[in-house]
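# Chain and residue survey
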Amino acid sequence: MMTKRRVTLTVNGEHVEPLVEANALLVNVLREELQLTGTKYCCGTGQCGGCTVLVNGEPILSCLTLAVAVDGADILTIEGVAKPDGSLDPIQEAFLDHGAVQCGFCTPGMILMAKDLLAHDPSPSEERIREHLRGNLCRCTGYHRIVKAIGSCGQ
Ligand code: FES
Ligand code: FES
């Protein structure tokens, strides 16, 4: 049996210290140890973006990241995107307003990518939005409504 190791993380502003195996993937630690199931495990091979979370402000694929590799990191998952009072983030509101959510499986990854984009480019062009989302697959919406939703958040 593999030796477990304690990692120290700040997840959605909360200090946590899960005990994890050396080969535990971050996506599984989030979903199974911390019960944050908003982060989706889809392809498991880095091809869909459904497992995207922000680590120290940068998007990463949590299905390709070992939990021990991000020891000490600050992590934002979809559960931490709404405001502390429970009201939705403007990006979440925009997704709802534009009908950009159908099955919702891709939505957490899309919203975290949108947050990352808008943090670096507050007024992105449609081309820039599409380029930024190129690693995030959606099987339902045809992307148009997602792109419109993110574009509507531009300043
Ligand atoms: S589940 Fe990680 S990229 Fe698909
Ligand atoms: S809304 Fe279903 S995969 Fe995107």
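Scroll up to find the structure.
Residues numbered from 1 in each chain as written. Chains lettered and ligands numbered in written order. Predicted model: local features only at pLDDT ≥ 70, side-chain atom pairs only at ≥ 80, totals over all residues. Heavy atoms only, no water.

## Topic: the environment of Ile75
Convention followed: Elements are defined by DSSP. Helices are runs of H or I of four residues or more, strands are runs of E of two residues or more, and each kind is numbered from the N terminus.
For Ile75, the position within the fold is in strand β7 (residues 74–76). Taking the C-alpha atoms as reference, Ile75 lies 4.6 Å from Val55; in sequence the two are 20 residues apart.

## A short note on the sheet that holds strand β6 (residues 58–61)
Pairing between sheet strands relies on hydrogen bonds along the backbone, with the strands arranged either parallel or antiparallel. Selection criterion: In short, DSSP must find at least two bridges between two strands for them to pair. As a rule, the C-alpha atoms of each element are fitted with a line to give its axis, helices using only the stretch in contact, and angles between N-to-C directions run from 0 to 180 degrees. Whether two residues are in contact is decided by their heavy atoms: any pair within 4.5 Å suffices.
Pairing in this open sheet of five strands is mixed, and the strands run β3-β2-β7-β5-β6 from one edge to the other. The open sheet has two edge strands, β3 (14–16) and β6, and neither has a second partner. With direction set aside, neighbouring strand axes in the sheet form an average angle of 35 degrees. Two elements, strand β5 (residues 52–55) and β7, share two bridges in a ladder whose sense is antiparallel. Its bridge partner lying in β7, Val55 is registered against Ile75. Helix α1 (residues 26–33) rests against β2 (9–11), β5, β6 and β7 of the sheet, and its axis sits at about 100 degrees to β5. Against the sheet, helix α3 (residues 107–120) touches β5, β6 and β7, its axis set at about 40 degrees to β5.

## Some thoughts on the packing of helix α2 (residues 90–97) against α3
Packed helices, taken two at a time, are described by the angle their axes make and the gap between the axes. Selection rule: Just so you know how the angles are binned, under 35 degrees is roughly parallel, over 145 roughly antiparallel, 65 to 115 roughly perpendicular, and the rest oblique. For a crossing to be left-handed, the near helix must be turned anticlockwise from the far one by less than a right angle; the clockwise case is right-handed. Throughout this entry, Asp, Glu, Lys and Arg are counted as charged residues, while Ala, Val, Leu, Ile, Met, Phe, Trp, Tyr, Cys and Pro are counted as nonpolar. The remaining residues, Gly among them, count as polar.
With their axes 10 Å apart at the nearest point, α2 and α3 run at an angle of 125 degrees to one another. Between α2 and α3, the angle falls in the class oblique. Of the two possible hands of crossing, α2 and α3 adopt the one that is right-handed. Residues Ile91, Gln92 and Phe95 of α2 pack against Thr107, Met110, Ile111, Ala114, Lys115 and Leu118 of α3. Partitioning the contact of α2 with α3 into residue classes produces six nonpolar, two polar and one charged.

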